[in-house]
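What follows is the residue order along each chain.
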Amino acid sequence: MRSGKTHVVITVLRRCLVCDEEFEVEEPETADQIGTPCLSCSAPTERVEIRSRRTRPVVINPHAAALGRLGGLKGGPARAASLSPERRRQIALHAIRTRWGYED
Ligand SMILES: [Zn+2]
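Bear in mind that the values here come from a model prediction, so they are computed numbers and not experimental data.

Caption draft 1: Expanded view of the overall build of the chain. For the chain, the helix and strand inventory stands at 3 helices and 4 strands. For the chain, the N- to C-terminal ordering of α and β elements is β-β-β-β-α-α-α. Its C-alpha radius of gyration of 26 Å places the chain more than 25% over the 13 Å reference for a compact globule of 104 residues. The dimensions of the chain, computed from C-alpha atoms along their principal axes, are 75 × 35 × 15 Å. Taking all 104 residues of the chain together, 4% fall into the buried category. The long-range fraction of contacts in the chain, counting pairs at least 24 apart against all pairs at least 6 apart in sequence, stands at 52%.

Caption draft 2: Examining the environment of S82 more closely. As for its position among the elements, S82 is in helix α2 (residues 75-82). Given 9 C-beta atoms within 10 Å, S82 falls into the exposed group.

Caption draft 3: Local environment of the domain arrangement of the chain. Each domain of the chain was delimited in the assignment, giving domain 1 (6-57) and domain 2 (72-104). With centres defined by C-alpha atoms, the gap from domain 1 to domain 2 works out at 52 Å.

Caption draft 4: Broad picture of the pairing of strand β3 (residues 34-37). As defined by bridge partners, β3 adjoins strand β4 (residues 44-57) across 2 bridges and the pair is classed as antiparallel. Note that in β4 the partner of P37 across the bridge is P44. Hairpin connection from β3 to β4: 6 residues lie between these consecutive antiparallel strands, with S42 at a positive phi of about 65°.

Caption draft 5: Just the pairing of strand β2 (residues 22-28), in detail. Here 7 bridges tie strand β1 (residues 6-16) to β2, and the two strands are oriented antiparallel to one another. Looking at the pairing, T11 lines up with E26 of β2. What sits between the antiparallel neighbours β1 and β2 is a turn of 5 residues, in which D20 has the positive phi angle 65°.

The rules behind each value
- Starting from 1, residues in each chain are numbered consecutively following that chain's sequence as written.
- In view of the model being predicted, local features appear only for residues whose pLDDT reaches at least 70, and side-chain atom pairs are presented and counted only at 80 or more, with totals across whole chains, interfaces and linings using the full set of residues.
- Helix and strand assignments follow DSSP, with helices taken as H or I runs no shorter than four residues and strands as E runs no shorter than two, numbered in order from the N terminus.
- In this setup the radius of gyration rests on C-alpha atoms only. A globule is expected at 2.2 Å times the number of residues raised to 0.38.
- Counts of 20 or more other C-beta atoms within 10 Å of a residue's own C-beta define buried residues, counts of 12 or fewer define exposed ones, and intermediate counts define partly exposed ones; C-beta atoms are placed from the backbone.
- C-beta atoms are first placed from the backbone for all residues, and any pair lying within 7 Å is then listed as a contact.
- Start and end points for every domain follow an automatic or database-based domain assignment.
- Each pair of strands is called paired provided DSSP finds at least two bridges between the two strands.

Below, the structure written as structure tokens:
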């Protein structure tokens, strides 16, 4: 199971508004410009520089995905059972022609 979803993670330099401590931190691009607590005094820090930016795939929770599969797949088998063999054959041939570009 794959999802095309990604989010942007940036590495930034932050400076404390109170004690001027500077540190580098990875955070989502959407993190507040001013916010993340200072490592020394817990006061808010300001994003002063973006050092790198990368796109990461969004990790879905495999346990949640597995829960969704409990009881097995439903749609595919149900549809296969409801079609006549001849109709299944027509659909499969249509897919093959579409995929490989054969003329009818
Ligand atoms: Zn500080």
